Every structure is written in structure tokens, then in C-alpha cells.
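Each chain, written out:
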Number of protein chains: 2
Amino acid sequence: MARPRQALLTRERIVEAASMLIDAEGLEACSMRRLATELGVQGPSLYNHFATKAEIVDAVAESVVAQVDISVFRANDWREGLRLWAKSYHAVLAAHPNIVPVLATGPGRRPAGLAMAEAVYGALLEAGWSRARATHIGALMRYLITGSALGSFALGFEADPELYDRYPHLHRAHELAAHRAAVDEGAFELGLDLLINSLSDRYDQGVRR
Amino acid sequence: MARPRQALLTRERIVEAASMLIDAEGLEACSMRRLATELGVQGPSLYNHFATKAEIVDAVAESVVAQVDISVFRANDWREGLRLWAKSYHAVLAAHPNIVPVLATGPGRRPAGLAMAEAVYGALLEAGWSRARATHIGALMRYLITGSALGSFALGFEADPELYDRYPHLHRAHELAAHRAAVDEGAFELGLDLLINSLSDRYDQGVRR
DNA sequence: TGTAAAAACTTACGCCGCTAGTTTAAGCAC
DNA sequence: GTGCTTAAACTAGCGGCGTAAGTTTTTACA
């Protein structure tokens, strides 16, 4: 086949297919040849639309981050804004866990990532936090959110009971996987509560740097 | 060359070389052929000592986690134990950042990882925290520690000033990289303080689940 | 001393990202 | 309408990847 009358590929179609493939089978499954097959095309054809594979993955990351609700900072106190944003971000990453390693390295040049950083940092500055502290708080939130999204704590323990014979306190660790949601969500909620409440206390005491 | 009079490889030599290669050039640089070259050997020879590449990487992860000081739980209050352990873990990961993605998925079957989980969880249980809360606290600490180790927050922003023209609050984001240590360490220290202090407050108020 | 296991080797398979060059259709200038 | 440029698909192929299979030689032990 040479050039078709109607183009088979668009950047949008490619990103959508890549996103679905990554969600369904993971980052490693998303090779150029495999992605092309998914789109009914030969591998190198993708290079007519993206210069490298990294650009495709980056576009997927961008489309995921764009789903995070950053409007919450406009209508809320910084504490509530931070909490609602974190929950939205957390929920988006929970729906697309396989792309998290890409996001964990920072916003890079992605507009949605930069817009999110702008919204968070701006809200903290406008609340009165110092530049340095606002940066720390932003970093801290990213640590919690991507750290929790990167790998389930519960699933980090294998289901084989014999594995824990030598570790008296871990004798029920093989049951963790069955309570995955409660464990992982509970830990995230606890962390969010602890961080925001204690930041709030400091703020109310006038400690803002 | 057939079998040499003195074995060229041992599991220890392989793990050591892999660890150095990963530290120096990253996980992707550590291919079987490259690692073998580093050891003065052909690629497939490594399979006489490890069944898969994943086993080698896992052994590197194990050797890194084994460097974390978990003795601190014996001589300290749970708060101070938690703080000292977290700092030790953080320092170890800062020295070996390229292996962090492997650790972030949990202890798996690695003895050092399981011993660490046992120490943390045991200390929390013996302090009086409920099983569920102790699990949450352990998960939360991992989120913070691996989240912060996974990618520098400061380096997540590119040094190109023009990138931030559209984002009024980010106009100095290109300077972040120059303050990498202050930003990243400040955020981690803040997070650790906030979490442990607020957990300590709850504990002192008798809220242990 | 004969045999089995160990530890190196070479060769090769099917993936991978990506480059180069080819073919044909589309879009535009005259 | 005709010719030129560009776009979007193709095929072929390079060097690298993890790993399997089979070979060679040495060592260790019965």
C-alpha cells in the first residue's frame, strides 16, 4: 500500500490506541510494531506522525494528566483545593497505573503537567506560603501521589504463606492482596489527612515558611 | 575458551558489577551483553549463574535494601525508630537512585525487603498501633520514601526559561535544578516531620487505629 | 580411570527502536 | 490540466535486546 486516499493514522488515533494498549497490557507491551498492528498498519508508518516512541508515550502521559481536575483551586480554600486536587490526581492515576513511571519524573515539557504545577504552586503562594515552602509542599504532594500510584503496597507482598515463615509479624502478609483496596486507599487517605491537617495547623499558627 | 581453570564469574562478582553499572549508567544500560563485557565474558555465560536477567536485577535490589539500617527500631521509641529508619532508607536510595523503580514494586521475595517490612511493622505493632493502622503507616512511609527517590522534583522542571512564559507563577521554575538538593531534601524532611509528628499527636491522644 | 557436572563458548531466534529508500495519492502553482 | 512538492503508507535492514540450544574443556568425584 502506498499513500491511501484517506489517511489511516492521525496523532489522536495513535495516542488513543497507545493509551488503551498501555492501560490494558502495560508500558512494555506498547512497542512500535505492536501499536502499529493495533492500528492496522506497519510499524515504521508511525514515524510519519511522531519522531520517536518517547514522543508517543509523552503524549499519552499528557492526555492522562489533562484529566486531573485543577479547577478546584479556584473555588476553594488552599487546604480544600489541595485535598480535592490530590484526590482527583490519585483517582486518575489509579485508572491508568501503567503510565505512572513516566509521570513520576516530572512535568517535563508537557502543557498539562505545567498547568497543574502552576495551579498548585499558585494556590499555595496566594494563600501566603513562602516560595520555598510552596515548592516543598508541591514536591511532597507529588511524592505521596506518585509514590502510592507506582506500585500497590498490598500487592508488593506475595500470596505465598510460606514466604513469611521466618518473619513472625508478617505471618498474615499473604492476605494483604485480598484487601488491596482497603490497604492502599487507607494509606493514601491517611497520608493526605495527616499532611494537610498538619500543614493547616502550621498555617493557622502563622508558620508559613 | 571452554571452562577455565579458575571460574571467571561468581554470583557476587556479577551482582557487584551490575550494581556499579546500574549506578553509573542506569537500568537500561545494564543489558546482559553489556554486563558480560564489563566482566570480560560473553553474554550468555551469565546464565550459568542466574536463570534470568530479572534475577540479577533482583539481587542488586536486595543488596541495596540490605544497606538500610533497621537496627534503629531496637534502641528507640517507635517515632524515633521510624524517623531514623526513613532517613537511612532515603540516604541509601539517594546513593542508588537508578534501582528505585525495582524497589517501588514492593519486597517481593527478597529477604532484606521482608526483614525491613518485619522490622517496621513489628515496631508499630509493639507500640500499640492496630494491625490495619500499622499497615497503613508502613505503606505511607514507602510512598514517601520511594516517591521522593523515584525522580527529583527539582529536576522534573527543565532549565529552559522560555518554557514557563505561559505560567506566571512558574517564571522561576528554570532555577529549580540549581537548588536540587535544598528542594528535594527540604520536601522529604518536611514530609517526614509532618507525618511523624502528626502520627505522634494521634498516638498520644490514644487514637491508635 | 571413567563419568557427570560446571563454566566458558558460538550460533541463532524473535523481538526491539529506528533509518533509508520506494511508491502512490493529494494539494497546489501556473 | 499538467507538473512539482509534500504526505503517508510501504519494504528492507541495522544493531541491540533477552534467551535457548548445543559445543568444548576442565574439574570433581565414584
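Above this text is the structure in question.
Okay, so let's go over this structure. (Residues numbered from 1 in each chain as written. Chains lettered and ligands numbered in written order. Predicted model: local features only at pLDDT ≥ 70, side-chain atom pairs only at ≥ 80, totals over all residues. Heavy atoms only, no water.)

### Some words on the packing of helix α1 (residues 11-25) of chain B against helix α3 (residues 53-65) of chain B
Residue and element names in this part refer to chain B.
For step 1, the next point in the chain: Where α1 meets α3, the axes come as close as 9 Å, and the angle between the chain directions of the two elements is 80°. The pairing of α1 with α3 is recorded here as roughly perpendicular in orientation. Of the residues in α3, those in contact with I14, V15, A18, S19 and I22 of α1 are I56, A59, V60 and S63. (Axes fitted to C-alpha atoms, helices over the stretch in contact; angles between N-to-C directions. Helix = DSSP H or I, 4+ residues; strand = E, 2+ residues; numbered from the N terminus. Parallel < 35°, antiparallel > 145°, perpendicular 65-115°, else oblique. Contact = heavy atoms within 4.5 Å.)

### A word on the protein's contact with DNA strand D
For step 1, the next point in the chain: In the neighbourhood of DNA strand D, 25 residues make up the surrounding shell, with L8(A), S45(A), H49(A), M32(B) and R33(B) lying closest.
For step 2, the next point in the chain: A distance of 2.6 Å separates a phosphate oxygen of DNA strand D from a polar atom in the side chain of H49(A).
For step 3, the next point in the chain: Within the backbone of M32(B), one N or O atom sits 2.7 Å away from a phosphate oxygen of DNA strand D.
For step 4, the next point in the chain: A class-by-class count of the residues in the surface near DNA strand D yields 13 nonpolar, six polar and six charged. (Near = heavy atom within 4 Å. Polar contact = N/O pair within 3.5 Å; in protein donor to acceptor, adjacent residues only side chain to side chain. Nonpolar A, V, L, I, M, F, W, Y, C, P; charged D, E, K, R; others polar.)

### A word on the protein's contact with DNA strand C
For step 1, the next point in the chain: In the vicinity of DNA strand C, 25 residues are found, and the nearest of them are S31(A), R33(A), L8(B), S45(B) and H49(B).
For step 2, the next point in the chain: Counting only atoms of DNA strand C within 4 Å of the protein, the sugar-phosphate share comes to 62%.
For step 3, the next point in the chain: Separating a phosphate oxygen of DNA strand C from a side-chain N or O atom of S31(A) is a distance of 2.6 Å.
For step 4, the next point in the chain: Here a phosphate oxygen of DNA strand C and a backbone polar atom of Q42(B) are 2.8 Å apart.

### Considering empty space enclosed by the protein
For step 1, the next point in the chain: In the structure shown here, the tally under the stated rule is one cavity of 30 Å³ or more.
For step 2, the next point in the chain: Within this model, the largest cavity holds a volume of roughly 30 Å³.
For step 3, the next point in the chain: As for the largest cavity, its lining consists of L190(A), W129(B), R133(B), I137(B), L199(B), R202(B), V207(B) and R209(B).
For step 4, the next point in the chain: Its residues assigned to classes, the lining of the largest cavity comprises five nonpolar, no polar and three charged. (1 Å grid on protein atoms, 1.4 Å probe; cavity = no way out; pocket = protein on both sides within 12 Å on 5 of 7 lines; lining within 4 Å. Points joined across faces, edges and corners; volume = space filled by probe spheres on them.)

### Brief notes about the interface of chain B and chain A
For step 1, the next point in the chain: With 59 residues of chain B at the contact, the number on the chain A side is 59 residues.
For step 2, the next point in the chain: Joining chain B to chain A, the criterion identifies four salt bridges.
For step 3, the next point in the chain: The partner of E158(A) in a salt bridge is R109(B), with the nearest N and O atoms 2.5 Å apart.
For step 4, the next point in the chain: Joining chain B to chain A, the criterion identifies 16 residue pairs in polar contact (both at pLDDT 80 or more).
For step 5, the next point in the chain: Looking at the side of chain B that touches chain A, the elements that each hand over two or more residues are α7 (111-127), α8 (131-150) and α9 (180-204) of chain B. (Salt bridge = Lys/Arg side-chain N within 4 Å of Asp/Glu carboxyl O.)

### Digging into the pattern of salt bridges
Residue and element names in this part refer to chain A.
For step 1, the next point in the chain: Taken as a whole, this structure holds 24 salt bridges over all chains when the rule is applied.
For step 2, the next point in the chain: Between D184 and R180 there is a salt bridge, and its shortest N-O distance comes to 3.6 Å. Residue D184 and its partner R180 are both found in helix α9 (residues 180-204); the two are separated by four residues, about one turn of the helix.
For step 3, the next point in the chain: Taken together, the salt bridges that share partners define one network made up of E25, R34 and E38.

### A look at α9(B)
For step 1, the next point in the chain: Compared with an ideal rise of 1.5 Å per residue, which puts 25 residues at 36 Å, α9(B) spans 36 Å between its outermost C-alpha atoms and is within 8% of the ideal.
For step 2, the next point in the chain: Phi for G206(B), located one or two positions after α9(B), is positive at around 85°. (Expected span 1.5 Å × (residues − 1).)

### Quick look at the layout of surface pockets
For step 1, the next point in the chain: Space inside the largest pocket adds up to approximately 1200 Å³.
For step 2, the next point in the chain: Lining the largest pocket are 40 residues; nearest its centre among them are P101(A), L150(A), P101(B), V102(B) and L150(B).
For step 3, the next point in the chain: Residue assignment for the lining of the largest pocket shows that the elements contributing at least two residues are α3 (53-65), α6 (100-103) and α8 (131-150) of chain A together with α5 (78-95), α6 (100-103), α8 and α9 of chain B.
For step 4, the next point in the chain: Taken together, the residues of the lining of the largest pocket break down into 20 nonpolar, 12 polar and eight charged.

### Description of α8(A)
For step 1, the next point in the chain: A rise of 1.5 Å per residue sets the reference length of α8(A), with its 20 residues, at 28 Å; its end C-alpha atoms lie 28 Å apart and thus fit the reference within 8%.
For step 2, the next point in the chain: The buried fraction of α8(A) is high, at 18 of 20 residues. (Buried < 20%, exposed > 50% of the residue type's maximum accessible area, 1.4 Å probe, protein only.)

### Here's the deal with the relation of the copies chain B and chain A
For step 1, the next point in the chain: Mapping chain B onto chain A calls for a rotation angle of 180° and an axial translation of 0.0 Å; the resulting RMSD is 0.0 Å. Seen this way, the second copy is the image of the first under a two-fold rotation axis. Across chain B, the rotation axis passes nearest the C-alpha of G147(B), at a separation of 2.0 Å.
For step 2, the next point in the chain: Taken together, the interface assignments show that 100% of the residues at the interface of chain B recur at the interface of chain A, consistent with an identical surface on both copies. (Least-squares fit on C-alpha atoms with pLDDT ≥ 70 in both.)

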